Amino acid sequence: HGGSGDQTRACREASYPTQGLVSPGTPGAIAPDFDVRLLDGGYQELRDLVQPGGGIVVFFKTECETSELLLTHIGPLAQALAREERVFVAIAQNPAAEVRAYLESHSLAFPIACEAPPYPASRAYGIVTVPTLIMIDGAGRIAERLEGFVKSEILALGPAAEQALALGDIPSVLERPDELPELK
């Protein structure tokens, strides 16, 4: 994940072998169950997203510049979900110590979970690139799946979330969108 030349849309290294993996996390599909440990204690499960009406899960790696771009600018969407009592959680494919060090230099206002090998949640959702954002509706179906950072796709999440998660108006999805690249 070193140079920017290898990060056009996403960090393409998953934390496990992905050859021949078919992505089960496609829109319209039933969201696979998961249970991940939150960094500040406790657990986050699929039912925690579904019961209040849906939510968003973002899979990331701390060393991925594209993940950093998304996570440090998507606060308005996470705040809008919190106001409507919906869940926004980011799942790191990193050990807890690395994630804690990452959070010392990145102020993120949403729950963070750590996933250890063999990465069961990532595998269940067919994560082959990070960041990957998955919106799960109140019926437990995948409403949206975005990989990498494509600004136009991320900005379209506002209206998509309003519909899929039965939310009120989401005025902004990204912080300072005019300062962000169209694609990374």
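Here's a quick rundown of the structure. From a predicted model like this one, the values you see are computed outputs, not experimental measurements.

**As for the overall build of the protein**
Along the protein, the regular secondary structure elements total seven helices and seven strands. Secondary structure of the protein in N-to-C order comes out as β-β-α-β-α-α-β-α-β-α-β-β-α-α. Across the 184 residues in the protein, those meeting the buried criterion constitute 50%. A separation threshold of at least 6 residues defines the contact pool for the protein, and within that pool the share at least 24 residues apart is 71%.

**Some thoughts on the sheet that holds strand S3 (residues 54–60)**
Taking strand neighbours across the sheet as the criterion, the seven strands line up as S2-S1-S5-S4-S3-S6-S7 in an open arrangement whose pairing is mixed. Of all the strands in the sheet, the pair left with one neighbour each is strand S2 (43–45) and strand S7 (142–147). If you compare each strand with its neighbour and ignore which way they point, the axes differ by 30 degrees on average. Pairing between strand S1 (residues 35–38) and strand S5 (residues 112–114): two bridges, direction antiparallel. Residue Arg37 lies in a different strand from S5, and its bridge partner there is Cys114. Contacting strand S6 (132–137) and S7, helix H7 (residues 157–164) crosses the sheet at an angle of about 25 degrees to S6.

**A few points about the nonpolar core**
Among the nonpolar cores identified, the biggest contains 35 residues, and Ile74, Leu77, Phe88, Phe110 and Ile154 are the most heavily contacted of them. Looking at this core, the elements with two or more residues in it are S3, helix H2 (65–71), helix H3 (75–83), strand S4 (87–92), helix H4 (96–105), S5, S6 and H7. Counting residues per element, this core draws most heavily on H3, at four residues. Sequence-distant contacts of Leu77, defined by excluding residues within four places in its chain, comprise Ile56, Phe88, Leu157, Ile170, Ser172 and Val173. The next biggest cluster of nonpolar side chains, apart from the first, holds 21 residues, and it includes Val36, Val50, Cys64 and Ile91.

**Quick word on the side chain of Glu115**
In this fold, Glu115 is placed in the loop between S5 and helix H5 (120–124). Arg123 provides the closest opposite charge to the buried, salt-bridge-free Glu115, at an N-O distance of 8.0 Å. Side-chain polar atoms of Glu115 contact the side chain of Ser122, separated by 2.6 Å. Those residues in contact with Glu115 that lie beyond four places of it in its chain are Phe59, Ile91, Ala92, Gln93, Asn94, Pro120, Ala121 and Ser122.

**What about the packing of aromatic side chains?**
Tallying each qualifying case throughout the model produces four aromatic pairs. When the centroid spacing of 5.8 Å and the interplanar angle of 40 degrees are considered together, the rings of Phe59 and Tyr125 count as tilted. Residue Phe59 is located in strand S3, and its partner Tyr125 is located in the loop between H5 and S6; the two are separated by 66 residues in the primary sequence.

**Some remarks on the environment of Arg141**
Along the chain, the position of Arg141 falls in the loop between S6 and S7. Between the C-alpha atoms of Arg141 and Ala164, which are 23 residues apart in sequence, the distance is 9.6 Å. Once residues within four sequence positions are removed from consideration, Arg141 is found in contact with Gly28, Ala29, Ile30, Ala31, Met135 and Ile136. At 2.8 Å, the side chain of Arg141 and the backbone oxygen of Gly28 are in polar contact.

Conventions adopted
Residues numbered from 1 in each chain as written. Predicted model: local features only at pLDDT ≥ 70, side-chain atom pairs only at ≥ 80, totals over all residues. Heavy atoms only, no water. Helix = DSSP H or I, 4+ residues; strand = E, 2+ residues; numbered from the N terminus. Buried < 20%, exposed > 50% of the residue type's maximum accessible area, 1.4 Å probe, protein only. Contact = heavy atoms within 4.5 Å. Pairing = 2+ DSSP bridges. Axes fitted to C-alpha atoms, helices over the stretch in contact; angles between N-to-C directions. Core = buried A, V, L, I, M, F, W, Y, C linked by side-chain atoms within 4.5 Å. Lys, Arg positive; Asp, Glu negative; His and termini not counted. Salt bridge = Lys/Arg side-chain N within 4 Å of Asp/Glu carboxyl O. Polar contact = N/O pair within 3.5 Å; in protein donor to acceptor, adjacent residues only side chain to side chain. Phe/Tyr/Trp six-rings, centres within 6.5 Å; stacked < 30°, edge-to-face > 60°.

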